[in-house]
Each structure stands twice: as C-alpha cells, then as structure tokens.
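Understanding the architecture of this molecule
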Amino acid sequence: MKIAVFGVGAMGSVYAGLLADAGHELWAVDPWRAHLDAIATTGLRVEGASGDRVVRTIRTAADPADLPMVDLVIIATKASAVGEAARALTGCVGPDTLILTIQNGLGAGERIGQHMSTANVILGVADGFGASMKGPGHVHHNAMKLIRIGEMGGGMTERLERLAELWQGAGFNVKAFADINQLIWEKFLCNVTLSAPCTVIGCTVGEVMDNAETRALALSCMREAYAIGQHKGIAFSFDDPEAYVTAFAAQMPRARPSMLLDHMAGRPSEIDAINGMVPVLGAEIGLPTPYNQTLSTIVRAREAAFGKDKE
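In this report, we go over the structure that sits alongside the text. (Residues numbered from 1 in each chain as written. Predicted model: local features only at pLDDT ≥ 70, side-chain atom pairs only at ≥ 80, totals over all residues. Heavy atoms only, no water.)

1. So, the packing of aromatic side chains
Just so we agree on the cut-off: Working definition: a ring pair exists when centres of Phe, Tyr or Trp rings (six-membered ring for Trp) sit within 6.5 Å. Plane angles under 30 degrees give stacked, over 60 give edge-to-face, the rest tilted. Strands are runs of DSSP state E lasting at least two residues, helices are runs of H or I lasting at least four, and both sets are numbered from the N terminus onward. Each residue gets one of three labels from its accessible area relative to the maximum for its type: buried under 20%, exposed over 50%, partly exposed in between, using a 1.4 Å probe on protein chains only.
If you walk through the whole model with that rule in mind, you get eleven aromatic pairs. Consider the rings of Trp185 and Phe236, whose centres lie 6.5 Å apart with planes at 80°: the pair is edge-to-face. Here the residue Trp185 occupies a position in helix H6 (residues 180–201), and Phe236 occupies one in the loop between helix H8 (212–231) and helix H9 (241–250), the gap between them amounting to 51 residues. Given the relative accessible area of 13%, Phe236 is considered buried. Here a set of aromatic residues connected by ring pairs shows up, and it is made of Trp185, Phe188, Tyr226, Phe236, Phe238 and Tyr244.

If you want it as structure tokens, here you go:
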C-alpha cells in the first residue's frame, strides 16, 4: 500500500519505520526538517521492543502538497494539530483512501470532520509504547502493547479487518473493535486521571498515586469525566472506575505522562483534548467540573509563559 504518516514524532516514527520495513511505500510528513533530512540521508533507526533496525526506504515530504495519492493516511500528530493535518492532506486523499487517526483524548474525528467527510475515518487508541525521540532520525520505544482501531460510526467492517491485518503484518499487536468509542473513553479516563495532575504537581504516575492527597485530586478529575461518559451512554467495561484507573497507573509507576514531558521540554501539550475537554463536555450537559477546570487553567497559564523568559 501507499501510506502517508502525518506527524513523525516518536509514535509516528515507530509506525512509519515498521510499516516501511514491511514493504509498504511509506511517506513521512512533518515540519521537523532535521528529522526528515536524517531519514532521507541515513534512514530511520527504530530501536527498542521491536528490535534495532535502520529503515532506508521511507520517502519524506515537508510539504503535504508533494504527496502522491495514497491508500492510507495515518494522522499521528498531537491532538491540537489533527484539524490542520486534515486540511493539508486533501490533495493526497481519494474516494477510497482510509484515514486512521491515533491520538490521546477526545475529538479527533470531529476535528477531521471540519475539513472533510468522515465516511472513511478510522479511530485508533495506542497503549503501552513508551516511545521517545533520541534525536533526528532515531526513535526508541520501550514496548508495543496494543493498538485498538474501529470505525468512527461503529460496527465491524471488512475494510477495518483488512487494516488490522496490514498492521499485524508489520509486527504490531492491533485489534479491531466494533465500539471504539468505548475504548477511547476508557483510555480518556486514564489520561484525565494522570495527565494534568502529574504535570501540575511535577511528578511521576507512582508519586501521584502513592500520596493520599494527590491521589484524591487525580481521582476527582477522573470522576468528573466518568460522570459525563455515563450521561453520554458510554458502555464502560467496568463498574468501578477508580479500580480501573488505579490498576492502569500501577503498571507504570515511574512513567511521566506525555503532558508532563511536553512541559519539561517547554512545548504546548494536548491539554485541550484531555483534562481541558472535560469542562467543555460538562458545560454541554450542565455538569460542574471544578477539578479539571482548575488544573487545565494552570496548565494553560504555564504554556502561555513558555518562551517568554527567552524574549
């Protein structure tokens, strides 16, 4: 297949490297020129749970206008850049092109829908990769637990199953699900529990959950999101959300959520798609969300100050 990966940061680079290594014509699209130059000249090194390889067959494009028509687009950008990616990719998308978007938080499909039909949109949720960039042209990932995919409108389809097989053929553990929104919401609860609390406090997952006060704060954020999910009729697979998110956190006590890593690097985070999304959804149904509103305000205020000390 001809595949374009929009956003070849850590996760996008893992996707691109393994799919290209499996024999697909792979185009990497990203504004990070140094990374694209390294991929074009010496190849992309993918190191970690999948082995250690240098993939030299990836084609690069800083400008999406340079792309040919492709069979599959993978949007692996930050949640805030999904809409921009959707607007930019219209020239390489045909009537049968699938668009798979894999992000943290909620709203990726809706952001795409602002620029094109969502009839061919597939939603994805990735868990347990621990991916990080070591430098231009070099990505590392600690694991590759699972990628869940599903039709935006729900249901099992032949194209969804074929897409899962394509990823499996490249070495990924990918499963297709009829109700991807349930899985997105369950991951959303975990993100809400840990992202803003760890970022505002400045500590690891284990440090937040081991302290009674900060654990109560994190679980209060989760409860607000869970109440909204129940109101929306999300078919959660559990009856005890506290036990669910606590078990999730226990698997990675030393981890730092991507939001905290963004702040440590002085980068804007995905706050609007995670904790910042909870007050938006709460307002739609008249549900107060003071914990997420407060933490989101703090996160945004810190991001507004990024770079000002260098002026």
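Back to the text.
2. Looking at the pairing of strand S4 (residues 51–55)
Across a regular strand the side chains alternate sides, sitting on one face of the sheet and then on the other. Threshold: At least two DSSP bridges between two strands are required for those strands to pair.
Relative to S4, strand S3 (residues 44–48) runs antiparallel, the two sharing five bridges. Paired with Leu44 across the strands is Val55, a residue of S4.

3. A short note on the sheet that holds strand S1 (residues 2–6)
Strands pair in a sheet through their backbones, by hydrogen bonds, and they do so in one of two ways: parallel or antiparallel. The condition that has to hold: Whenever a helix is involved, its axis is fitted only over the stretch in contact; in every case the axis is a line through C-alpha atoms, and angles between N-to-C directions fall within 0 to 180 degrees. Any pair of residues with heavy atoms lying within 4.5 Å of one another is described as a contacting pair.
One open sheet holds the eight strands; their spatial order is S5-S2-S1-S6-S7-S8-S11-S12, and the pairing between them is mixed. For this open sheet the edge positions go to strand S5 (59–61) and strand S12 (174–176), each flanked by a neighbour on one side alone. The sheet shows a mean angle of 25° between the axes of neighbouring strands, taken without regard to direction. Relative to strand S11 (residues 146–151), strand S8 (residues 121–127) runs antiparallel, the two being bridged by six bridges. Note on S11: the bridge partner recorded for Asp127 is Leu146. Lying over the sheet, H6 contacts S8 and S11, oriented at roughly 40° with respect to S8.

4. A short note on the environment of Gly124
Tracing the chain through its elements places Gly124 in strand S8. Residue Gly124 is classed as buried on the basis of its relative accessible area, which comes to 4%. Once the C-alpha coordinates of Gly124 and Ile274 are considered, the two residues, 150 residues apart in sequence, prove to be 16 Å apart.

5. Things to note about the pattern of salt bridges
When charged atoms on two side chains of opposite charge get close, those side chains can pair. Let me state the cut-off plainly: Should a side-chain nitrogen of Lys or Arg be within 4 Å of a carboxyl oxygen of Asp or Glu, the pair is scored as a salt bridge.
Tallied over the entire structure, the rule returns twelve salt bridges. Across the salt bridge formed by Arg267 and Asp262, the nearest N and O atoms sit 2.9 Å from each other. On the basis of relative accessibility, which here comes to 40%, the residue Arg267 falls in the partly exposed class. The salt bridge partner of Arg300 is Asp272, with a shortest N-O separation of 2.9 Å.

6. Remarks on the environment of Arg53
Selection rule: In protein, a polar contact means a hydrogen-donor-capable atom and an acceptor-capable atom, both N or O and within 3.5 Å, with residues adjacent in sequence counting only if both atoms are side-chain atoms; elsewhere, any N or O pair within 3.5 Å suffices.
Within the element layout of this structure, Arg53 appears in strand S4. Residue class for Arg53 comes out partly exposed when judged on its relative accessible area of 23%. Distance from Arg53 to Ala249, taken between C-alpha atoms, is 31 Å for residues 196 residues apart in sequence. Contacts of Arg53, omitting those with residues within four sequence positions, involve Leu18, Asp21, Leu44, Arg45 and Val46. Side chain to side chain, Arg53 and Asp21 meet in a polar contact 2.8 Å long. A polar contact is formed between the side chain of Arg53 and the backbone oxygen of Ser50, at a distance of 2.5 Å.

7. Considering the pairing of S11
Where we set the bar: Crossovers are described as right-handed under a simple rule: with the strands pointing away from the observer, the path leading from the first strand over the helix to the second runs clockwise.
Burial analysis of S11 places six of its six residues in the buried class, which makes it a mostly covered element. Bridging between S11 and S12 involves three bridges; their strand directions are parallel. The residue bridging Arg148 from the neighbouring strand is Lys175, located in S12. With respect to chirality, the unit in which S11 leads through helix H5 (residues 158–169) into the neighbouring parallel S12 is right-handed.

Interpretation in functional terms is not warranted from these geometric data alone.
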